[in-house]
Amino acid sequence: MVSTTRDRKVKLSVTLLRVLIGWHFLYEGVVKLFNPEWTAFGYLASAQGPFKPVFTVLAQDPFIAWVDIMNMAALLIVGVCLVLGVFERKSAIIGIGLLALYYLAHPSLPGVQQLNVEGNYWLVNKNLIELAACILIYNFPTGNYFGLGYLKKGRLTKIEKK
Amino acid sequence: MKWTRRDLLKGLGGLPILGAVWWAGAANTMSSRKQRSAILEQLNIRPSLPPTVPGITGKPVRVGIIGFGIRGEQLCRSLGFATDEWKEEMRIAAEEDPNIKALEDFENQDKLNVKLTGVCDVFDVRAEKALKSFNTSDNQMKRYSTYLEMIQSGDVDAVVIATPDHWHAPMSIAALNNNVHVYVEKPMTHTVDETYALQDAAKASKAIFAVGHQHRQTLSFSTARDIVEKGTLGHVSLIQTNTNRNDDNGAWNYDIHKQASTETIDWDQFLGSAPKVPFNKNHFFRWRKWWAYGSGLSGDLLTHDYDRLNCVLNMGIPEAVSTSGGIYTHNDGRNVPDVLQVNMEFPNFSTGSSQIEGKEKGMTFCYSASLGNSFNRPTILMGHDATMELGNRLTVWPDGASTRYGEQLELGKMQPNVPIYQYNPAANVPDAISSATSQYFADKGLMWTYIDGVRVDSTFLHMREWLSVIKNGGKVSCGIKEGFEEAIAAHMAGLSWKLGRKIEWDTKTEKIVPIEGIDFDEVLLYNGKWVTPTQANEV
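As the structure is a prediction and not an experimental result, all values here were calculated from the model.

K.L.:
What am I meant to see in the UniProt feature "domain: Gfo/Idh/MocA-like oxidoreductase C-terminal" (unreviewed entry) in chain B here?
P.N.:
According to UniProt, the "domain: Gfo/Idh/MocA-like oxidoreductase C-terminal" (unreviewed entry) feature falls on residues 280-353 of chain B. This span, residues 280-353 of chain B, is 31% helix and 20% strand, and a straight line between its end C-alpha atoms measures 55 Å.

Set out below in C-alpha cells:
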C-alpha cells in the first residue's frame, strides 16, 4: 500500500482526534461508574428548548434509572472502542446519538438560557462540534492504522513477508 | 508469527491510554468520595425522613372553616377541598404553561378523612362560593352566620381559623372552651393579654390546638436541627433572616371585590373588638395594613422567620427586642411599617462551643424586612465554626477561622468557600461538596420536597398532623407552647417599634417587663393615636 505524506498526515490527525474523543467519553463514563450517586436528573430536569417535555419525562421514575445506566454504558463502550481502535464505526454512531441527545437537551438556541457553560454559543456549541468530529471518525476509520484493527487485518504477515 | 515492536505499538498502543484514563477516573472519583465521606462521617448529620403520622381512621373529622378568604381557600385545598372556580383557573393556567402543576398536585394529594361541614364568613360572596363548591351529596355543608353559632352547633369537631388577626384569639378560645379542635393561622394572637388567655384555654381544653406554622413540616428544618445539635456550626452568635417583597400583593394591597358593600358584608362582626369605624372596603380586604386588625410585618412575616428558627434552635422568647423602621415604601394610609428591622437578644442562649469554656454565649436574631425591594437575601446562621444557609435546601460552609475544622482547613481538606454539607430533600443523597451545577438547580426551585415521588405541600402535612393527633393522640409540632413564644416575640417587636424603645422579657415571671404608665395592649392596638379613617380613604 502506497501512502503519500499527505495521506499519512490526515491519518495521523484523525487518529489523534479519535483517541482524544475516546479519552473524553471514557473518562466521563469511568467517573460515573465509580460514583454510584451520580445521576442525569439535574441535566434532564433543567432541559430546555423544543424537546424539553421529552427530557422532563426521562428525568422521572422509572425512566431515570435506565437513562443513567444506558448513558454510563454508552459512554464507556464508545470510550473503550475509540481509544483501542476497534468497532469504531459502530461506536461513532453511538457517540453521535449521545451527543445529539446532550445537544437537544440544552441546545444553544437564541432565546434559550445557557446553563452551566463557560463560553458563549449561538446554535453551535462544543457538543455539536464533537458530534461532527464523530461523523468524521465514522467516515474515516483509523483502527487499522493505530488500534486493534491493525492486528486483525493481517498486517502482521505482510510485515513478516517484507 | 512474529510481532515486532512496531506492531505492538500500532496495534496495542491504545491499551496504556485506556489504562491511564480508567485509573485516573477511578482514582479521582474514589478519592473525592473518600474525602467527602470522611467529612460526612465526622459531621454525622442525619437527613430527616418524611414525617409519618398514624392514619386518620374511623368517622371523618367534621371541620368548619372560619374565614374563607385567600388563606382560608388555601387551607381548604390542603384539606382536599378546592372550589370549582379555582380548579377551572388552574386548568386554564396549566394549558397556557404546563409548568403550572397546582391542579395536578392537588389531585395527587392524599385524601384526608375529613368532611368540610361548615363555613363562616362575614362576606356573603365568599361563604356562598364555599357552599357552591363543597355542599354536595357526599359533603353536607352549612353556612353559619357567626363563629359562635358554628362552634356551639355540635356539628363541627374542629375549626380552621383564617380570619384577620384580631379574631384569632377570641375564636380559638371559644372553640377550645367548647372542646372543639382548633387550627389557627399565625400570628396566634393580636394582643399580649389574649396570648395568656389563649394559653389558659388551650391548657384547660380537651381539644387539640395547633398554630398554622406549616414550615415545621419542612424536612430541611428538622435536618437543620440535627446539624446545629451536632455542633456543626459551633457557637451561633448571629442569625440574619429577611423579608424582601416589592409588589402590591406582597404589600397586602389585595384585590377589592366588586360585590363588596354593606349589603354583602357583616361589617360589625368584622370589626369585633376593633374601633367602630364606618364601613371601609380598604380596611376589610387589606386589613393587614392596620394595627386594629392585623400586625403588619411583625405579625405576618416576622412570625414565619422567628418560628422557623425557633423550630431549629428552640431558643424561646427573646430577653430583649429592639425594633426600628417606618412607612417608607407604601405611604397609602396604612399605619403598620413597611420597612422593619427587629433585633432580638438571647444573651444566655448557646448552640455549643468548640472554644474554651465561657468564651462564647449569647446570640442576636436579626430580622430585616422591606416591602420595597425583592432582592433575595437568604437566611443565614453564623457560627464560630461554620455558616449555614437555611431554606428548603441547606448549605453549610466551614468558617476560615474555625476551631473545630482548623486542622482540615490547614491541610486543605476543607475550604471556606466550599460547602462541607448540602442537603436537598428532593435528591436521594446528601451532597457534601456542592458543585455550581447543583447549586443552580436548587436555586431554580427544581428540587422540591417529594414524598414517594409526589410533590407535597407542607400545609397539607401540617393539617394532616393536626387531624392525626385529634384521632390518635400525640403532640402537634406547633402547639400552644410554640404559638405562645411566637406571639410574645412578635408583640415585643411591635411594641418596640411603636414605643421606640427596648422591650424586655422577664424569664422568671414569664411576663414582658412592665413600663410605668404604659398599657401594652392599648399601645399595640391604638397607640393613643387612633384616628377614624375618613371615607376618602375608601377605594
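K.L.:
Teacher, can you tell me more about the UniProt feature "transmembrane region" (unreviewed entry) in chain A here?
P.N.:
Residue and element names in this part refer to chain A. Under the UniProt annotation, the feature "transmembrane region" (unreviewed entry) is placed at residues 12-34, 63-85, 92-109 and 129-151. Summarising residues 63-85: 96% helix, 0% strand, and an end-to-end C-alpha distance of 32 Å. Secondary structure across residues 129-151 comprises 65% helix and 0% strand; the distance between its end C-alpha atoms is 31 Å.

K.L.:
Explain the packing of helix H3 (residues 70-79) of chain B against helix H16 (residues 458-472) of chain B to me, please; I cannot follow it from the model alone.
P.N.:
When two helices pack together, their arrangement is given by the angle between the helix axes and by the axis-to-axis distance. All names here are of chain B. At a minimum axis separation of 8 Å, H3 and H16 run at an interaxial angle of 70°. Taken as axis vectors, H3 and H16 run roughly perpendicular relative to one another. Crossing handedness for the pair H3 and H16: right-handed. Counting all contacts with H3, which are made through Gln 74, Leu 75, Ser 78 and Leu 79, the residues of H16 involved are Thr 459, Phe 460 and Met 463. Taken together, the residues of the contact of H3 with H16 break down into four nonpolar, three polar and no charged.

K.L.:
In this structure, what is going on with the sheet that holds strand S5 (residues 181-184) of chain B? I would like to understand it.
P.N.:
Strand pairs in the sheet, formed through backbone hydrogen bonds, run parallel or antiparallel to each other. All names here are of chain B. Taken together, six strands build an open sheet; the order of strands is S3-S2-S1-S4-S5-S6 and the sheet is parallel. Whereas interior strands pair on both sides, the edge strands pair on one side only; in this sheet they are strand S3 (142-143) and strand S6 (209-211). Examined bridge by bridge, strand S1 (residues 61-66) and strand S2 (residues 114-120) share six bridges and lie parallel to one another. Along S2, the bridge assignment pairs Ile 66 with Cys 120. Sitting on the sheet, helix H6 (residues 124-134) is in contact with S1, S2 and S3, with an inclination near 155° to S2. Contacts between helix H8 (residues 168-177) and the sheet are confined to S1, strand S4 (158-161), S5 and S6, with S5 contributing the most and set at about 165° to the helix.

K.L.:
Is there a simple way to explain helix H5 (residues 88-105) of chain A in this structure?
P.N.:
Think of an α-helix as turning once every 3.6 residues; residues three or four places apart then point the same way. Residues and elements named next belong to chain A. Between its first and last C-alpha, H5 extends 25 Å over 18 residues, near the 26 Å set by a 1.5 Å rise per residue. Turning to H5, its buried residues are Glu 88, Ser 91, Ala 92, Gly 95, Leu 98, Leu 99, Leu 101 and Ala 105. The secondary structure elements touched by the buried residues of H5 are helix H1 (5-33), helix H2 (41-45), helix H3 (52-58), helix H4 (63-84) and helix H6 (126-139).

K.L.:
What should I look at first to understand the UniProt feature "domain: Gfo/Idh/MocA-like oxidoreductase N-terminal" (unreviewed entry) in chain B in this one?
P.N.:
Those residues carrying the UniProt feature "domain: Gfo/Idh/MocA-like oxidoreductase N-terminal" (unreviewed entry) are residues 62-213 of chain B in this numbering. End C-alpha atoms of residues 62-213 of chain B are separated by 22 Å, and the span's content is 46% helix alongside 16% strand.

Here is what the cut-offs are and how they apply
Residues numbered from 1 in each chain as written. Chains lettered and ligands numbered in written order. Predicted model: local features only at pLDDT ≥ 70, side-chain atom pairs only at ≥ 80, totals over all residues. UniProt positions renumbered as here; feature names shortened; annotations may be inferred. Helix = DSSP H or I, 4+ residues; strand = E, 2+ residues; numbered from the N terminus. Axes fitted to C-alpha atoms, helices over the stretch in contact; angles between N-to-C directions. Parallel < 35°, antiparallel > 145°, perpendicular 65-115°, else oblique. Left-handed = near helix turned anticlockwise from the far one by under 90°. Contact = placed C-beta atoms within 7 Å. Nonpolar A, V, L, I, M, F, W, Y, C, P; charged D, E, K, R; others polar. Pairing = 2+ DSSP bridges. Expected span 1.5 Å × (residues − 1). Buried ≥ 20, exposed ≤ 12 C-beta atoms within 10 Å, placed from the backbone.

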